[in-house]
Structures are given as structure tokens and as C-alpha cells.
Amino acid sequence: MSFIQANDLIKTYSANKRIVKALDGLSLDVPKGTVKGLLGPNGAGKTTTVKVLTTLINPDSGTASIDGVDVLKEPEAIKRMIGVSGQYAAVDQKLTGYENLEMVGRLYHLGAKRAKQRATELIEMFDLVEAANRPVKGFSGGMRRRIDLAGALVINPPVLFLDEPTTGLDPRSRLGLWKVIKDLVSDGTTVLLTTQYLEEADQLADSIAVIDQGKVIAEGTSDELKMQIGGQRVELSLVRLEDVEKGKSLLAGMAQGDVSVGNDGRTISAPVDNAAATLQQALKTFAEESIELNDAGMRRPTLDDVFMELTGHKTEDVSA
Amino acid sequence: MSSVLKPTIESTIAKTVSDGWIATRRNIYKLRRDPEIFVFSLIQPIMFVLLFNYVFAGAIQVEGGDYTQFLMAGIFAQTIVLSSTYSGSAMAQDLKDGIIDRFRTLPMSSAAVLIGRTFGDLVINASSLIVMMITGFVIGWRINSSIPEAALGILLLLFFSYAFSWVMALIGMSVRSPEIINNVSFLVLFPLTFLSNAFVPSETLPGPLRVFAEWNPVSALIQSTRELFGNVPAGIPAGDSWLQQNPLTTVFAALVLMLVVFIPLSIRKFKSISSR
Ligand SMILES: Nc1ncnc2c1ncn2[C@@H]1O[C@H](COP(=O)(O)OP(=O)(O)OP(=O)(O)O)[C@@H](O)[C@H]1O
Ligand SMILES: [Mg+2]
């Protein structure tokens, strides 16, 4: 049943006399017609994974296949079934949107007529009509992204790779792009999507693989992952730094998991079962103990929390 | 699910031809929108022809000839050698822009992007050459040989520029920075074209420079085109080196060597590059 498969991929780079293990035994399994979200911080190995699976780079070792076709041995066959939208929009800035898409169609060997038709269709589908005949250079980031995504869809590929498709977009463009991706998915396309945002994986993916330092460290549906790290969190910001230790132990008594301390050294947070009730209780307890608060609230877990919980280190440490 | 669109071309040769054409067409489209290239490939050559002709004509005596006749082959060669820089910087720019990653995930021929680059640049070089020849005619340059010889001279220049584009394309993919390519190539190619018989007879150069100029392959290219256009002044025969005595053989050997070595190397390099 698994459609995209990667086994034990290893890829090392040597940069500035330092060996970087971009992939350190990464394995993946994406069933046909589903969306797998690859969630991880900067430098986790998301792009490297996508590059291996899309034939751009060869791993040092490991195997990969799509629909039973070996990615390393038969790259030409793979290229005829995939669509790719990389982390940085891969469009020719000096060509118009239409010229870019028509060129991609020709290079998939669709023939002149079909390539033109398809470019026109995609321009309409992605709402780029007014930009179709201007060089891409003048486009906004969001429009460039859409042209790039349209380029990935030229042959209606059964497999789609999207590397951080919404990074750098404003919230409105992000929502627009999510809708496009959802429509595609409902059409049965198998998608591997990378992102740094839990919310994005949440919105789009059937199953999420959390990766860190070149390995998958947790996998499951977004609900499963959230259960694992606790659903809602309560977060309290303390006025006095001296109170932090005491505050941590008080909060730990009410929480479902480890209490973490934010970068400012005075914000403590923890996963809880019933956020509203816990928050009320915490406010009461802290008042009784006369620990003053700057701020108090509940929030959904962020990627930082997932990492704190799963690896015991913060995302910032990973990217450093 | 809407079904996947199938290719209409299967044979490798047909794909290479079609993809090579699409990649060339891409570069030709871009020429229309790129005023920089227009200045670089059309205005600058005209300026060079006029400047060198009027500045040096009074000062440099060519025995048994006229400086304008002597000069033109030198300007032709210098211009096409320098403009090959663009093949390198454009490959580096494509890598930087990420478009190479798009190409590399498409089922296209691995030679196509390089074919497109080199043929696109051949169009630029041919245009430069035409513009320079017309400017030359206006200021009194004449072809004093037969039509076949002159045609061979033009072909030789164009083939040389084409082969050199493959060399620069490989350098562009390896260095990956358009700015570095532009600066380094200015530092290397500019002296290379000057330390030749392009603007002054090589025998007038001081000792070591004269030796360099005589063994400089660019001098051989200039000497052969000068001969083929019938522009060799009576008083200035070819230099003493073997290269100068056999300029055509030298140029052919250089051409074949560049093509045989750099086409496979460039294609191999292309198959493994990826931006960022
Ligand atoms: N060409 C390269 N040369 C040297 N090191 C590299 C290269 N490509 C990636 N790396 C390193 O490999 C590691 C994984 O990189 P990768 O791009 O896969 O991460 P990522 O998860 O996509 O991160 P980001 O969120 O920043 O895009 C990083 O430490 C990165 O610096
Ligand atoms: Mg990345």
C-alpha cells in the first residue's frame, strides 16, 4: 500500500571542515492518496529528504522508491510521475508566468498544443490571469509561489512534493494556498509536504512525521501527536525571576507533562488536560503564594513545544 | 483523480533536439527583455571598433598596411572571447535563481539546458559579429579575400565562441556566483586578449610579453581570421612560433579539444548540481 517509501537514508555534507549529517537514517512511508507532513525546524533535513526523493541528489546510502520504481536506479521514470515545488520558487524571473508554464509543459514533452492549453488552464486555476503576460520578476512572493506550484502540476502528477509551500507568505496568501492544496488532495494526489508550522501540517496532512537532525523522531496523525505532547497548554509569565523555580513546581502539580521555561527565563508553560479549569486553579494558587504575574493564558502547542517534549531541546539549539 | 498527462515524444534523440530548442528559445525570449545584454553585445562592440580605430590608428604604424584593416580581426576575437563570460555567469545565475532545480526534476535531456545556453550565446555572438562588421565597413575595413575564405573566417570565429561557451558554462556551474565569474573573467580574459597580436603586431611587444603573445591561442585565432579576411599587412607576417606559423591547425585543434573535453564534463556536472 505504501506509495512513497524511503529506507534508512543517509546523507552527509562537509561544510567549513565540519561534517553535517543532513540525513541520519531517515525512513518514511506514504500510503497512496494521502498527505504526509514532514515537520521539523531549520536544518532538520526536510529539503534534503525532498531532494533525494525528487532525484536532485543521491544519498550516501539507503533506498527510496515511488510506486515501486527505484528513485536512485530509474530517475527518468520517476521524473515522469512527480511534480515538485521546492523551498525556493524555481521560476525563470525574466519569463512571463505563461511562458514559464508553457516551457515546463514542453519539457514534459506534452507537445506544443497541449503545453499551451495546459499553461492557460493553470493560469486560470491559480488566478494569475492579470499577471500571465508580465515577467515573473515583478510578481509578489505569493504570486511567484503560485506560478511555481502551477509548474509542479503541469502533468497532473500522481505524486506531489511541496517543500515549505507557504513559508514567507502573508496569512491571506497562506490560506489561499492551503485551499489549492486541499483541492488537489481531495482529487487523490499523493503528497509529501514539508513545513515548520504545526498548524500547517495540522490543516493539510493525514499523517505527520516529526524530523530532527536527519531522523524521524515521532510519527502519527496530528491528534496523536498532540495527545503525545499534551493538547492545550497553560502559559504564565512571572514578574520576579526568583519565583520561577517555585512557579515551575506549582504548575507541574497541575500539568500533564514537563514544564518548560521560555527564552526570557520568566515564562513557564506546560501541557494540561482542561486548560480553562487549570488556568483558573493556577491563578488562584499563584495568588495565594503571592507570585505576581505579568501575563497568563492558554494556547495551542507550537512546534517549539513539540520539540521540547520529544527531544528535550529547543528548536533554536538545532538550527544553531 | 484527473489522469496524468503522457509525453508525446519517446526517442532520446527527438527529446534532445526538442528540449535543446525549448531551452534555446527560453534564452532568446530573455534577450528581448534584457537591455544589459543589448548594450553588452551590440553597443559595446561598436564602441570598441570606433575607439580602438580612432585612438590607435594615428599612433600604431603597420608596415605595408593600414591599421583599420589590421585591427578588425583583433576586435572580433576579443569581443567573442570576452562575451563568453556571459555563458558562465548566466549558468551561475540560473543556479542561484533555483530554475536549474526545476529543470533537473523534469524528464528532459540533461544536455538541453547547456545546449540552450551555448546556442543562445551563439546568437548573441553572431549579432555582435554582424554589428562589428557593419561598423568596420563604415570606417573603411574591407575583406580582401575570396567569399569562401571570408565565410570560413566568420565560421571560425563563431565556432570558437561556441566551444568557449562550453568551457565557461562548466566554470559557471562550478563557481556558482555570477559576480565572481564576471570579475575573474575580466581579470583573466582581458589580459589574455590584450597580450596577443590583436591591437599591435606581437613583434613590437617587449621580450616575455612577445613570447606570451606568440604562443597565445587567441593570437592564432586572430592570425587565421586576419589571413582569411585578407587583412595581413605586407610588412607584418605571422610571428615565429609554431602556433603563429600554423594558425588554422592551432585553432582547429583548440576547437576540437574544447568541445571533446568540455561537453561531456559540463553535462556530467549538470547532472549533479542543485541550488542551495
Ligand atoms: N549543499 C549543502 N552543503 C552543506 N551542507 C548542507 C547542504 N545542504 C544542506 N546542508 C545541511 O544539511 C542540514 C539539513 O539541511 P536541509 O536543507 O535538509 O534542512 P531543512 O530541514 O530543509 O531546513 P530549512 O527549514 O532551513 O529549510 C543542514 O544542517 C544544512 O546546513
Ligand atoms: Mg528546507
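Since we're looking at a predicted model, the values are computed, not measured. (Residues numbered from 1 in each chain as written. Chains lettered and ligands numbered in written order. Predicted model: local features only at pLDDT ≥ 70, side-chain atom pairs only at ≥ 80, totals over all residues. Heavy atoms only, no water.)

Asker: Tell me what's going on with the environment of isoleucine 100 of chain B, and back it up with residues and numbers.
Answerer: Residues and elements named next belong to chain B. By the secondary structure assignment, isoleucine 100 is in helix H5 (residues 99-104). In sequence terms isoleucine 100 and serine 275 are 175 residues apart; their C-alpha atoms lie 7.1 Å from each other. When residues no more than four places from it in sequence are discounted, the contact partners of isoleucine 100 are Met91, Asp94, Leu95, Val113, Phe270 and Ile273. (Helix = DSSP H or I, 4+ residues; strand = E, 2+ residues; numbered from the N terminus. Contact = heavy atoms within 4.5 Å.)

Asker: Which residues make up the packing of helix H2 (residues 35-56) of chain B against helix H6 (residues 112-138) of chain B, and what values go with them?
Answerer: All names here are of chain B. The geometry of H2 relative to H6 is characterised by a closest axis approach of 9 Å and an angle of 30° between their N-to-C directions. One element, H2, and the other, H6, form an angle in the roughly parallel class. Relative to H6, H2 is oriented so that their crossing is right-handed. Contacts between H2 and H6 involve Ile37, Ser41, Leu42, Pro45, Ile46, Val49 and Leu50 from the first element and Ile124, Ser127, Ser128, Val131, Met132, Thr135 and Gly136 from the second. Split by residue class, the contact of H2 with H6 holds 9 nonpolar, 5 polar and no charged. (Axes fitted to C-alpha atoms, helices over the stretch in contact; angles between N-to-C directions. Parallel < 35°, antiparallel > 145°, perpendicular 65-115°, else oblique. Left-handed = near helix turned anticlockwise from the far one by under 90°. Nonpolar A, V, L, I, M, F, W, Y, C, P; charged D, E, K, R; others polar.)

Asker: Could you give me a rundown of the pairing of strand E1 (residues 2-15) of chain A, with the residues and numbers involved?
Answerer: Residue and element names in this part refer to chain A. Both E1 and strand E2 (residues 18-31) contribute to a ladder of 11 bridges, which runs antiparallel. The residue bridging alanine 15 from the neighbouring strand is arginine 18, located in E2. Between E1 and the antiparallel strand that follows it, E2, lie 2 residues; asparagine 16 among them carries a positive phi value of about 50°. (Pairing = 2+ DSSP bridges.)

Asker: Go over the packing of helix H4 (residues 85-97) of chain B against H6 of chain B with me, naming the residues and quoting the values.
Answerer: Think of two packed helices as two axes; the pair is described by the angle between the axes and how far apart they sit. Residue and element names in this part refer to chain B. H6 packs onto H4 with a crossing angle of 140° between their chain directions and a minimal axis gap of 10 Å. Between H4 and H6, the interaxial angle falls into the category oblique. For the crossing formed where H4 meets H6, the hand is right-handed. In this structure, H4 uses Tyr86, Ser87, Ala90, Met91 and Asp94 to contact H6, whose residues at the interface are Val113, Leu114, Arg117, Asp121 and Ile124. The residue makeup of the contact of H4 with H6, split by class, is 6 nonpolar, 1 polar and 3 charged.

Asker: Before we move on, could you go through the domain arrangement of chain A and cite the residues and values that matter?
Answerer: When the domains of chain A are assigned, the result is domain 1 (2-226) and domain 2 (232-299). Averaged C-alpha coordinates put domain 1 of chain A and domain 2 of chain A at centres separated by 40 Å. (Domains from an automatic or database assignment.)

Asker: Summarise empty space enclosed by the protein; cite the residues concerned and give the values.
Answerer: Counted under the stated rule, the structure contains 1 cavity of 30 Å³ or more. In this model, the largest cavity occupies a volume close to 40 Å³. In terms of lining residues, the largest cavity is bounded by Ala90, Val91, Asn100, Leu101, Met103, Val104, Ile147, Asp148 and Gly151 of chain A together with Ile99 and Arg102 of chain B. Considering each element in turn, the lining of the largest cavity owes the most residues, 4 residues, to helix H3 (residues 97-107) of chain A. (1 Å grid on protein atoms, 1.4 Å probe; cavity = no way out; pocket = protein on both sides within 12 Å on 5 of 7 lines; lining within 4 Å. Points joined across faces, edges and corners; volume = space filled by probe spheres on them.)

Asker: Now, about the coordination of the magnesium ion (ligand 2): what can you tell me, with residues and values included?
Answerer: Ideal coordination angles are 109.5 degrees for a metal with four donors arranged tetrahedrally and 90 or 180 degrees for a metal with six donors arranged octahedrally. Residue and element names in this part refer to chain A. Bound to the magnesium ion (ligand 2) are the protein donor atoms Thr47 (OG1) and Gln87 (OE1), situated 1.8 to 2.0 Å from the metal. Separated by 40 residues along the polypeptide, threonine 47 in helix H1 (residues 46-53) and glutamine 87 in the loop between strand E6 (82-85) and H3 bring together distant segments of the chain. Since its relative accessible area comes to 23%, threonine 47 is described here as partly exposed. With a relative accessible area of 24%, glutamine 87 lands in the partly exposed category. (Donors = N, O, S within 2.8 Å, 3.2 Å for Na, K, Ca; no water. Buried < 20%, exposed > 50% of the residue type's maximum accessible area, 1.4 Å probe, protein only.)

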